[in-house]
Amino acid sequence: MTDPTPSFSWRSIILPAYLPTFIFSFGEGALIPVIPVVATERGASLAIAGLIASMLMVGELVGDLPAGWLVARIGERNAMIGAAMLAVTGALIAVVSPTALALGIGVFLLGLATSVFGLARHAFLTSYVPARVRARALSTLGGVFRGGWAVGPFAAAAIIAWSGSPELVVWVLVAACFAVVVVLLLLPDPERTFGAARVVRSTSVGPLTEGEAEADAASHGVFRAIVAHRAVLARVGTGIGFLGAVRASRTVILPLWAVSIGMPADTASLVIGIAAAIDFGLFYVSGQVMDRFGRLWGAIPGLVGLAAGHVVLAFTHDLTNNDLWFTIVAVFFGIANGLTSGVLLTLGADLAPKANPAPFLSAFRTIGHAGHAVAPLLISAITSVVSIMAASATIGVLGFAGAAILWRYVPRYLPRRPRGGHD
């Protein structure tokens, strides 16, 4: 008998899916550590610098639902190109008008672009990768994204050390986005490379690829999914929201902390890059641990580690060797966050109804992204009213609470499977 399933080569998705993802995340990873530095150079206080940095997560949250609508109407590749150009627009606004407000607007637009780009590349792989290898393709996609974030800060450190100007790092993002567009435009049409994608029909749009239809369903069905699955979303979803908050916090608290203790921007970018490289190196280990021992073995140790790191950081601000403690905690954050790689996607896939998973997954991701957006805003507010030390300690407490919630409710909705079998 012959296998009717079309042949698939991993090499065939490196250029259209993984290369643009790496380039885009490289530019973003270079810029993020220097946002608070640029903000303070433009006259922003430490609290306002934190608020500006948080606009990235706010933009991602705001863009989650319209991203699905957009991908369904203009297609995966066009959406990725449009997202790259939106990021360029945000970067140019920040450069042309050297004010803290313009920087905040630019970072917000980058967040919107990140949301659209992320959903578009997800839909792209859904459309053109066979179901039998789709999970591995998506987990590899997450690893490629983390790889870009790991390399980007090293480029930022080199540019700052050479020029002495953190603002020049913005042009790394611009160059990366134009490179993404060039790659996507020069590549052949996906249907000629992979074969025609399976086409389905949507009552609201018409014929769509499988990935576009999934994005459209997620965009329209999220609120109905929240109502229908309110119990599990209120329980496990709350824990995931706390996890998202603590994970997002580290990307804001570390650059802010470096500014607060007077660490040079190039040194801080180098340290953050090392931490990101450790984080990247653990993405496959996390998946192996969760598959072998259960989902909580990835979620709980990582979340407790992130929480503990925030608490430790809160008590080291005024020590004479605070730069050493900053380095230690940053590396610890990289290890802890690496252990949580794929937790949100994996738990969402486990909990989603098999018949129509897209709306539930969109609701689940929206809760996680809400945590991403709220945590930096909380850091900014507490820093403004009390101090950055109090903000770090507060995030740590939220992390411990999130670990307790997941420990309590994940076993209720995902009973442990018997060991001994092999998938």
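No experiment lies behind these values; they were computed from the predicted model shown.

Novice: Help me out: how do you make sense of the overall build of the protein chain in this one?
Specialist: Across its full length, the protein chain carries 17 helices and two strands. With 423 residues in all, the protein chain has 54% of them scored as buried. Long-range pairs, those at least 24 residues apart, make up 84% of the contacts in the protein chain between residues at least 6 apart in sequence. Element-wise, carbon and sulfur atoms account for 68% of the exposed surface of the protein chain, whose accessible area totals about 18000 Å².

Novice: I tried to follow the nonpolar core on my own but got confused; where do I start?
Specialist: Buried together is how nonpolar side chains tend to be arranged in soluble globular proteins. Judged by nonpolar contacts, the single largest core of 115 residues is most densely connected at I240, F364 and L406. Here the element with the most residues in this core is helix α10 (residues 230-260); it accounts for 14 residues.

Novice: Help me understand the packing of aromatic side chains, please; the structure alone is not making it clear to me.
Specialist: How two aromatic rings sit relative to each other is given by the distance of their centres and the angle of their planes. Taken as a whole and assessed by the stated rule, the structure comprises two aromatic pairs. Here F145 and W149 contribute two aromatic rings whose centre-to-centre distance is 5.6 Å and whose plane-to-plane angle is 40°, an arrangement assigned as tilted. One end of the pair is F145 and the other is W149, both in helix α6 (residues 134-163) and four residues apart, which spans about a single turn. The ring of Y409 carries R408 above its face, with NZ or CZ at 5.1 Å from the centroid.

Novice: Where do I start with the pattern of salt bridges in this structure?
Specialist: Here the idea is simple: oppositely charged side chains can pair when their charged atoms come close. Taken as a whole and assessed by the stated rule, the structure comprises three salt bridges. With a shortest N-O distance of 3.1 Å, E167 and R42 are connected by a salt bridge. Placement of the pair is E167 in the loop between α6 and α7 (170-186) and R42 in the loop between α2 (35-41) and α3 (46-74), with a sequence separation of 125 residues. A relative accessible area of 15% means that R42 is categorised as buried. For D279, the salt bridge goes to R250, with nearest N and O atoms at 3.4 Å. Of this pair, D279 sits in helix α11 (residues 265-281) while R250 sits in helix α10, and the two are 29 residues apart along the sequence. Taken as a pair, D279 and R250 share a single burial class, namely buried. Each member of the salt-bridge network shares a partner with another, and the members are R146, R250 and D279.

Novice: Which parts of the structure should I look at to understand a nonpolar patch on the surface?
Specialist: Judged by side-chain polarity, L92, V96, W162, L168 and W171 come together as a nonpolar surface patch covering roughly 570 Å² of accessible area. Along the chain, the position of L168 falls in the loop between α6 and α7. L168 gets classed as partly exposed once you look at its relative accessible area, which sits at 34%.

Novice: Just checking my understanding: could you explain the confidence of the model for the protein chain for this structure?
Specialist: Parts of the prediction with low pLDDT should not have their coordinates interpreted in detail. Looking at the protein chain, pLDDT values average 82 and 85% of them are 70 or higher. Of all secondary-structure elements in the protein chain, the lowest mean pLDDT belongs to strand β1 (residues 199-202), at 52, while α7 reaches the highest, 93. Under a pLDDT of 50 for its full length, residues 1-5 has, in the predicted model, one contact with residues more than four places off or in other chains.

Novice: Hey, could you run me through α10 in this one?
Specialist: Since one α-helical turn is 3.6 residues long, residues separated by three or four positions face the same way. Maximal helix bending in α10 amounts to about 35°, located at G237. The buried fraction of α10 amounts to 23 of the 31 residues, a majority that puts the element mostly inside the structure. Looking one or two places after α10, you find G262, whose phi comes out positive at around 80°.

Novice: What is the right way to read the side chain of E28 from this model?
Specialist: Topologically, E28 is positioned in helix α1 (residues 11-31). It is R121 that comes nearest to the buried, bridge-free E28 among opposite-charge side chains, at 7.1 Å. Excluding residues within four positions of it along the chain, E28 makes contact with L56, L110, T114, F145, W149 and L173.

Novice: Would you explain the packing of α10 against helix α17 (residues 388-413) in this entry?
Specialist: Where α10 meets α17, the axes come as close as 8 Å, and the angle between the chain directions of the two elements is 155°. Looking at the two axes, α10 sits roughly antiparallel to α17. The two elements α10 and α17 cross, and the hand of that crossing is left-handed. Looking at side-chain class alone, the contact of α10 with α17 contains 19 nonpolar, seven polar and two charged residues.

Novice: Honestly, helix α15 (residues 343-351) in this entry has me stumped. Any pointers?
Specialist: Listed as buried for α15 are V343, L344, L347, G348 and L351. Relative to the axis of α15, the buried residues are bounded by an arc of 120° and lie together on one face.

Novice: In this structure, what is going on with the environment of G27? I would like to understand it.
Specialist: For G27, the location among the structural elements is in helix α1. Beyond its immediate stretch of four places on either side in the chain, G27 contacts V172, L173 and A176.

Novice: I would appreciate a short explanation of the packing of α10 against α15 in the present structure.
Specialist: Each pair of packed helices gets described by two things: the angle between the helix axes and the distance between those axes. Here α10 crosses α15 at 170°, and the two axes come no closer than 11 Å. Considering the angle they form, α10 stands roughly antiparallel to α15. Here α10 contributes V232, V236, I240 and L243 to the contact with α15, which in turn contributes V343, L344, L347 and L351. For the contact of α10 with α15, the class distribution of residues is eight nonpolar, no polar and no charged.

Novice: How should I be thinking about the side chain of T316 in this particular structure?
Specialist: Of note, T316 is situated in the loop between α13 (296-314) and α14 (322-339). Here the side chain of T316 touches L313 through a polar contact of 3.0 Å, landing on its backbone oxygen. The residues contacting T316, other than those within four sequence positions of it, are W257, N322 and W325.

Cut-offs and rules
Residues numbered from 1 in each chain as written. Predicted model: local features only at pLDDT ≥ 70, side-chain atom pairs only at ≥ 80, totals over all residues. Heavy atoms only, no water. Helix = DSSP H or I, 4+ residues; strand = E, 2+ residues; numbered from the N terminus. Buried < 20%, exposed > 50% of the residue type's maximum accessible area, 1.4 Å probe, protein only. Contact = heavy atoms within 4.5 Å. Areas by Shrake-Rupley, 256 points an atom, 1.4 Å probe, with all protein chains shown as cover. Core = buried A, V, L, I, M, F, W, Y, C linked by side-chain atoms within 4.5 Å. Phe/Tyr/Trp six-rings, centres within 6.5 Å; stacked < 30°, edge-to-face > 60°. Lys NZ or Arg CZ within 6 Å of the ring centre and 35° of its normal. Salt bridge = Lys/Arg side-chain N within 4 Å of Asp/Glu carboxyl O. Patch = residues over 30% accessible without salt bridge, like charges linked within 9 Å, V, L, I, M, F, W, Y side chains within 5 Å. pLDDT = per-residue confidence, 0-100. Bend = angle between axes of the 7 residues up to and from the residue. Lys, Arg positive; Asp, Glu negative; His and termini not counted. Axes fitted to C-alpha atoms, helices over the stretch in contact; angles between N-to-C directions. Parallel < 35°, antiparallel > 145°, perpendicular 65-115°, else oblique. Left-handed = near helix turned anticlockwise from the far one by under 90°. Nonpolar A, V, L, I, M, F, W, Y, C, P; charged D, E, K, R; others polar. Arc of directions from axis to C-beta. Polar contact = N/O pair within 3.5 Å; in protein donor to acceptor, adjacent residues only side chain to side chain.

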